[in-house]
Amino acid sequence: MSELWLEVTLPVPAERLDRVCDTLTANGMAGLVVEEEGDFLRFLEQNRQYWDYVDEDLARRMKGASRVKFYVPDSEEGQKQLRRYLAGLEEYEPQTVSLREEDWATSWQKYYQPIPVGERVYIVPDWMRGQEVPEGRVPLYLNPGLTFGTGAHPTTQLCLELLEEALRPGDKVLDLGCGSGILAIAALSLGASRAVGVDIDPKAADVAFENAALNGIGRDRLAVYAGDVLSDKKLAAKLEPGANRVVLANIVADVIIPLSARAGEFMAPDGVFLTSGIIDGRQDEVRAAMEASGFTVVKHLERSGWHAFLASENK
């Protein structure tokens, strides 16, 4: 018998989308779909060279859109999950639709299309494997499911753009706060020899290895550890101190600031420190912390209210 799912939609004013998404994520909901007409139109404009046509029905549905969608089982347990996810968001009235499992899969997947990032990366949902990849781009196959980001968020795209610029063939890469592994997997796909990821979420390793396998990457090239590198000395010793030419931190300002004081110990002598996930208004504070820790910012990118830095160590 097919399992039933609830598609939950929260109509949210555009200016509150970030706050609502942050609350849902903090409450444990990792798989969100954000529908916002402005982002949709900007995406089409920035990537018009990759589209032969625009789906008129999709454009019509996105007209005036400002909402968040996610999915829970249509069961008593699912109702408990829903109440937990919506804690603190009682002002918004959820709209729910019951779906069969096969309908849920179709409903979920229709939101994802290949995403060109930077000059070389091409993020492809795994169910679209086999479609033509634009010349000169490296495909990165991902399975969004319910617990995996798609690479559509500006922070991830900024980080990928800086990564593709900074990475050299054969580099070792360390991803602090690796989440589902998208940046480590991208680094290996772009020519890194080895990548190590660390995340405070113990589930991160399983998700990262699953998505690495979609790209033909095994545990001989990717290692993922769970824990807090700022407080766990044994964990820090596993992260190949002094050997990583690229150290990544796509997290949030409050974590990047203390990490800046430690990042140098993990870097090779000619290494670079790449940070993203910095919301507008915190960029000067993060930059100051990086410079106080001995880094020189050599590139600063900004998009849609998010900032990323590429920095080298002062010698």
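Structural data are supplied above this passage.
The structure presented is a predicted model; accordingly, all values stated were derived computationally and were not measured.

Undergrad: Where do I start with the nonpolar core in this structure?
TA: Note that soluble globular proteins tend to have their nonpolar side chains buried in a common cluster. Grouped together as the largest cluster of nonpolar side chains are 41 residues, with contacts concentrated most on Ile123, Leu163, Val173, Leu222 and Leu248. Within the second largest apolar cluster, 25 residues are counted, among which are Leu176, Ala249, Leu259 and Met267.

Undergrad: Would you mind going over the pattern of salt bridges with me for this structure?
TA: By the definition in use, this model includes 13 salt bridges. Residue Glu165 is joined to Lys299 by a salt bridge in which the shortest nitrogen-to-oxygen separation is 2.8 Å. With a gap of 134 residues between them, Glu165 in helix H6 (residues 154-166) and Lys299 in strand E13 (residues 295-303) connect regions that are remote in the sequence. A relative accessible area of 45% means that Glu165 is categorised as partly exposed. For Lys299, a relative accessible area of 31% translates into the label partly exposed. Residue Arg282 is joined to Asp254 by a salt bridge in which the shortest nitrogen-to-oxygen separation is 2.8 Å. Of this pair, Arg282 sits in the loop between strand E12 (267-279) and helix H11 (283-292) while Asp254 sits in helix H10 (residues 253-266), placing them 28 residues apart in sequence.

Undergrad: Help me understand the sheet that holds strand E9 (residues 194-199) in this model?
TA: Strand pairing within a sheet occurs via backbone hydrogen bonds; the two strands may be parallel or antiparallel. Strand order in the open sheet formed by seven strands is E10-E9-E8-E11-E12-E14-E13, and the pairing between neighbours is mixed. At either margin of the open sheet sits one strand with a lone partner, and together these are strand E10 (222-226) and E13. Within the sheet, the average angular offset between the axes of one strand and its neighbour, ignoring direction, is 15 degrees. Relative to strand E14 (residues 306-313), E12 runs antiparallel, the two being bridged by six bridges. Within the sheet, the bridge partner assigned to Ile278 lies in E14 and is His307.

Undergrad: For this particular structure, what's the right way to read the packing of aromatic side chains?
TA: How two aromatic rings sit relative to each other is given by the distance of their centres and the angle of their planes. Inspection of the entire model under this criterion finds two aromatic pairs. Between Phe273 and Phe295 the ring centres are 5.1 Å apart and the planes differ by 40 degrees, which places this aromatic pair in the tilted class. Linking Phe273 in strand E12 with Phe295 in strand E13, this pair joins segments that are 22 residues apart in sequence. You can call Phe273 buried: its relative accessible area is 0%. One Lys or Arg, Arg129, reaches over the ring of Tyr141 and ends 4.0 Å from the middle of that ring. Lying across the ring of Phe209, Arg219 places its NZ or CZ 3.9 Å from the centre.

Undergrad: What should I look at first to understand unusual backbone geometry in this one?
TA: As a rule of thumb, non-glycine residues mostly have phi less than zero, and peptide bonds are mostly trans rather than cis. At Glu240, a position not held by glycine, the phi torsion is positive, near 55 degrees. Within the secondary structure, Glu240 is located in the loop between helix H9 (233-238) and strand E11 (244-250).

Undergrad: What am I meant to see in the environment of Arg83 here?
TA: Checked against the element boundaries, Arg83 lands in helix H4 (residues 76-85). Taking relative accessible area as the criterion, Arg83 reaches 56% and is therefore assigned exposed.

Undergrad: Help me out: how do you make sense of the environment of Asp206 in this one?
TA: With respect to the helices and strands, Asp206 occurs in helix H8 (residues 204-214). As a C-alpha pair, Asp206 and Val224 span 18 residues in sequence and 8.7 Å in three-dimensional space.

Undergrad: Would you take a moment to explain the pairing of E10 for this structure?
TA: Judged from the five bridges that link them, E9 and E10 form a sheet pairing that is parallel. Within the sheet, the bridge partner assigned to Val198 lies in E10 and is Tyr225.

Undergrad: Any chance you could explain the sheet that holds strand E7 (residues 138-142) here in plain terms?
TA: Spatially, E5-E6-E7 is the arrangement adopted by the three strands of the open sheet, whose pairing is mixed. Whereas interior strands pair on both sides, the edge strands pair on one side only; in this sheet they are strand E5 (115-117) and E7. Averaged over all neighbouring strand pairs, the angle between strand axes comes to 25 degrees, with direction disregarded. Sitting on the sheet, H6 touches E5 and strand E6 (121-125), and the angle it makes with E5 is about 50 degrees. Of the strands in this sheet, E6 and E7 are in contact with helix H7 (residues 182-189), which crosses E7 at around 145 degrees.

Here is what the cut-offs are and how they apply
- Residues numbered from 1 in each chain as written.
- Predicted model: local features only at pLDDT ≥ 70, side-chain atom pairs only at ≥ 80, totals over all residues.
- Heavy atoms only, no water.
- Core = buried A, V, L, I, M, F, W, Y, C linked by side-chain atoms within 4.5 Å.
- Buried < 20%, exposed > 50% of the residue type's maximum accessible area, 1.4 Å probe, protein only.
- Salt bridge = Lys/Arg side-chain N within 4 Å of Asp/Glu carboxyl O.
- Helix = DSSP H or I, 4+ residues; strand = E, 2+ residues; numbered from the N terminus.
- Pairing = 2+ DSSP bridges.
- Axes fitted to C-alpha atoms, helices over the stretch in contact; angles between N-to-C directions.
- Phe/Tyr/Trp six-rings, centres within 6.5 Å; stacked < 30°, edge-to-face > 60°.
- Lys NZ or Arg CZ within 6 Å of the ring centre and 35° of its normal.
- Contact = heavy atoms within 4.5 Å.

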